[in-house]
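# Residue-level structure breakdown
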Amino acid sequence: MSETIGARQAQRHKTRRALLDAALSLLEEQSLGSLGLREVTRVAGVTPTAFYRHFRDTEELGIALVDEALQSLHAAVRSTLAASGEAAQRIDTTVDLMAELVREYPAHIRFIVRERHGGVRRVREAVSGQLDAFAREVAERLGADPLGTGWSADDLLMLARLYVDHMVMTVSAYLAAGPDDGEWAAVTRTARRQLRLIHAGRLHWPVERARPEPDAL
């Protein structure tokens, strides 16, 4: 009995994986809003009935792709936050991680970049929600850093969102650069300079220091 259940679960996972991969391949050339269910099932090699065992519609499939795609980005954010060393070293590490993400997951990154401002509301909101969650995690870590002393919660979140927006902008630039080594290197140089500029602004941002209590009368 357990072997039968295991085989069914394995087949279910295989079908779901086939649907996600088929959608990703089709989304190389089109947006989610124009994606048809029958297109996906044809490429996946399954019936439309099988599709409905996993997703209610293509919007729900898109949300699953958002979750899957941003898992790797979230891991990169955490690695960046955990990186040690001088600012220049951390900047290099951050940009290298973004470049690696594009090399390893180009289809996922392209999907996120396109659908972040795409026409499917639920998917757009899913991307926005995940990126906002990343920003709040970054803000928390920035607040724990000695450089965050005296920063307001709003300013920390503003800075965190700036970092997250920069990550999305940079991976988008890597995608546009393609395989050309010269263009790829140019994106790397620009991304590093931009992060140095953000870091310089962080160092000189005015913060409210705690004022001493007035002497008691």
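Preceding block: the structure.
Residues numbered from 1 in each chain as written. Predicted model: local features only at pLDDT ≥ 70, side-chain atom pairs only at ≥ 80, totals over all residues. Heavy atoms only, no water.

Counted at 1.5 Å a residue, the expected span for helix α5 (residues 87-104) with its 18 residues is 26 Å, and the 26 Å between its end C-alpha atoms agrees. Regarding α5, the residues found buried are I91, T94, V95, M98, A99, L101 and V102. Take α5 and look down its axis: the buried residues cluster within an arc of 155°, on one side only. (Helix = DSSP H or I, 4+ residues; strand = E, 2+ residues; numbered from the N terminus. Expected span 1.5 Å × (residues − 1). Buried < 20%, exposed > 50% of the residue type's maximum accessible area, 1.4 Å probe, protein only. Arc of directions from axis to C-beta.)

Now for the environment of L131. Position of L131 among the secondary structure elements: in helix α7 (residues 121-144). A C-alpha to C-alpha distance of 9.6 Å links L131 and R116, two positions 15 residues apart in sequence. Beyond its immediate stretch of four places on either side in the chain, L131 contacts L70, L73, R116, V164 and V168. (Contact = heavy atoms within 4.5 Å.)

Another aspect to go through is empty space enclosed by the protein. For the structure shown, the criterion picks out 1 cavity of 30 Å³ or more. Each pocket or cavity is described by its volume, and for the largest cavity that value is around 50 Å³. Considering the residues around the largest cavity, the lining is formed by L70, L73, I109, I112, V113, M167, V168 and V171. (1 Å grid on protein atoms, 1.4 Å probe; cavity = no way out; pocket = protein on both sides within 12 Å on 5 of 7 lines; lining within 4 Å. Points joined across faces, edges and corners; volume = space filled by probe spheres on them.)

So, about the nonpolar core. Within the largest apolar cluster, 59 residues are counted, with the highest numbers of intra-cluster contacts made by L61, L65, V66, F111 and L131. Those elements that place two or more of their residues in this core are α1 (2-26), α2 (37-44), α4 (58-82), α5, α6 (106-115), α7, α8 (153-177) and α9 (181-204). Here this core takes 12 residues from α8, the largest share from any one element. Excluding its chain neighbours within four sequence positions, the residues that come into contact with L61 are L19, L20, A23, V40, F51 and F55. (Core = buried A, V, L, I, M, F, W, Y, C linked by side-chain atoms within 4.5 Å.)

Purely geometric numbers; function is a separate question.
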